[in-house]
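Listed below, chain by chain, are the residues.
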Amino acid sequence: TANNIDSLRQNLIAGSQKVQQQIIPQLANLGNEGLEVLQEFLLKRRDTPATWIDGNAYQVVYNSDAPTAKEFLETNFPEGIVPLKSDCGISYNSLQQLLTRQEFQAADLLTIQKMCEVAGPTTVQRKWLYFTDVDNFPIQDLRTINHLWLVHSEGKFGFSVQREIWLGLGKNWINLWTKIGWKSGNNWTRYPHEFTWDLSAPRGHLPLSNQLRGVRVMSSLLNHPAWNT
Ligand code: UYC
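No experiment lies behind these values; they were computed from the predicted model shown.

Analysis parameters
Residues numbered from 1 in each chain as written. Predicted model: local features only at pLDDT ≥ 70, side-chain atom pairs only at ≥ 80, totals over all residues. Heavy atoms only, no water. Helix = DSSP H or I, 4+ residues; strand = E, 2+ residues; numbered from the N terminus. Rg over C-alpha atoms; globule rule 2.2 N^0.38 Å. Buried < 20%, exposed > 50% of the residue type's maximum accessible area, 1.4 Å probe, protein only. Contact = heavy atoms within 4.5 Å. Areas by Shrake-Rupley, 256 points an atom, 1.4 Å probe, with all protein chains shown as cover. Lys, Arg positive; Asp, Glu negative; His and termini not counted. Charge placed at Lys NZ, Arg CZ, Asp CG, Glu CD. Near = heavy atom within 4 Å. Polar contact = N/O pair within 3.5 Å; in protein donor to acceptor, adjacent residues only side chain to side chain. 1 Å grid on protein atoms, 1.4 Å probe; cavity = no way out; pocket = protein on both sides within 12 Å on 5 of 7 lines; lining within 4 Å. Sits in = over half its atoms within 2 Å of the grid points. Nonpolar A, V, L, I, M, F, W, Y, C, P; charged D, E, K, R; others polar. Phe/Tyr/Trp six-rings, centres within 6.5 Å; stacked < 30°, edge-to-face > 60°. Lys NZ or Arg CZ within 6 Å of the ring centre and 35° of its normal.

Draft legend 1. Summary view of the overall build of the protein. Tallying secondary structure elements over the protein gives 13 helices and two strands in all. Expected size for 229 residues packed as a compact globule is a radius of gyration near 17 Å; at 19 Å, the protein falls within 12% of this value. With the C-alpha coordinates of the protein rotated into their principal frame, the extents come out at 60 × 40 × 35 Å. Expressed as a percentage of the 229 residues in the protein, the buried residues total 46%. Partitioning the contacts of the protein with sequence separation of at least 6, the portion at a separation of at least 24 is 62%. For the protein, the exposed surface amounts to about 12000 Å²; the carbon and sulfur share of it is 49%. The positive charge centre, built from 21 side chains, and the negative charge centre, built from 21, are 10 Å apart in the protein.

Draft legend 2. Region of interest: unusual backbone geometry. The residue after Tyr 191, namely Pro 192, is reached through a cis peptide bond having omega -5°. Turning to its location among the elements, Pro 192 is positioned in the loop between strand 2 (187-188) and helix 13 (216-222). With an omega of -5°, the peptide bond between Leu 206 and Pro 207 qualifies as cis. Tracing the sequence through the fold places Pro 207 in the loop between strand 2 and helix 13. Although it is not a glycine, Lys 127 sits at a positive phi angle of roughly 75°. One can find Lys 127 in the loop between helix 8 (121-126) and helix 9 (131-135).

Draft legend 3. Geometry of the site of the ligand. Around the ligand, the structure places Ile 112, Trp 182, Trp 188, Thr 189, Tyr 191, Phe 195, Leu 208, Ser 209, Asn 210, Gln 211, Leu 212 and Arg 213. Gln 211 places a main-chain nitrogen or oxygen 2.9 Å from an oxygen atom of the ligand. About the coverage of the ligand: the protein hides 66% of its 780 Å² of free accessible area. In this structure the site holding the ligand corresponds to the largest pocket. Along the lines of polarity and charge, the residues of the shell around the ligand split into seven nonpolar, four polar and one charged.

Draft legend 4. Seen up close, the packing of aromatic side chains. What the rule picks out here adds up to 13 aromatic pairs. Where Trp 173 meets Trp 177, the ring centres are 5.5 Å apart and the plane angle is 25°; that geometry is what we call stacked. One end of the pair, Trp 173, and the other, Trp 177, are both in helix 12 (residues 173-179), four residues apart, so they sit about a helical turn from each other. For the pair shown, Trp 173 and Trp 177 are each scored as buried. An aromatic cluster is defined as three or more aromatic residues linked by ring pairs; in this entry it consists of Trp 166, Trp 173, Trp 177, Trp 182 and Trp 188. A cation sits over an aromatic face here: Arg 213 above Trp 128, 4.0 Å from the ring centre. Above the ring of Phe 131, the side-chain terminus of Arg 216 is found at 3.7 Å from the ring centroid.

Taken by themselves, the reported measurements are silent on function.
So, in structure tokens, the structure goes:
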């Protein structure tokens, strides 16, 4: 009913993150009228950095099969809700699309590939990053990749989430592995089948950094100047 829609709309605009999170799926179940409220919400907030609440709203509109929704996105958010800024001319559009669809395993692979691409042809050929590649990684690009992960995972995934947990553990790697589900007791989680490729994973579970060649790449990632605000 009109009354119900209006109260959901008010709560979506003014409510806490928790309230907003509950309202978005309710609006998703209300067809076109619900979609219109979500679209208005996205437009209203487009001048401030996207949060995972925007990500949730965006995903509902994206996953709807209404022609108006498709047109709305093509007109207003042709490249998604995270600005795909790069200091080296790399396109993050494909990563944006995988993450919007929450295809986390494919997105994880593409993240490594894109980071190799940023580092240059030698790294692309090698297929894995040196810690020096990460030290030289442009701030803008690392922030874009991280922002995409955050926004499309309800704030659960991303290097900055891993960093926050790691700092909270006094920079203890062993405890980090357990906390983010990369190790259980003495056993490393095996790639790819033992990892959890959806939002039921522990916070910070993704994106992965292979530890086969040591911790230095991960250390460079979590110590990167991109995280100094
Ligand atoms: N793998 O175990 N990993 C691979 C992880 C380790 C191994 C790729 C993460 C421990 C081998 C990714 C963990 C280990 C390959 C990850 C993990 C190990 C491989 C694909 C928990 C053995 C085949 C991208 C820390 C005891 C490729 C890539 C190769 C691949 C991720 C083995 C993303 C987070 C120490 C043999 N593992 N990896 O980097 O290089 O290849 O031989 O971390």
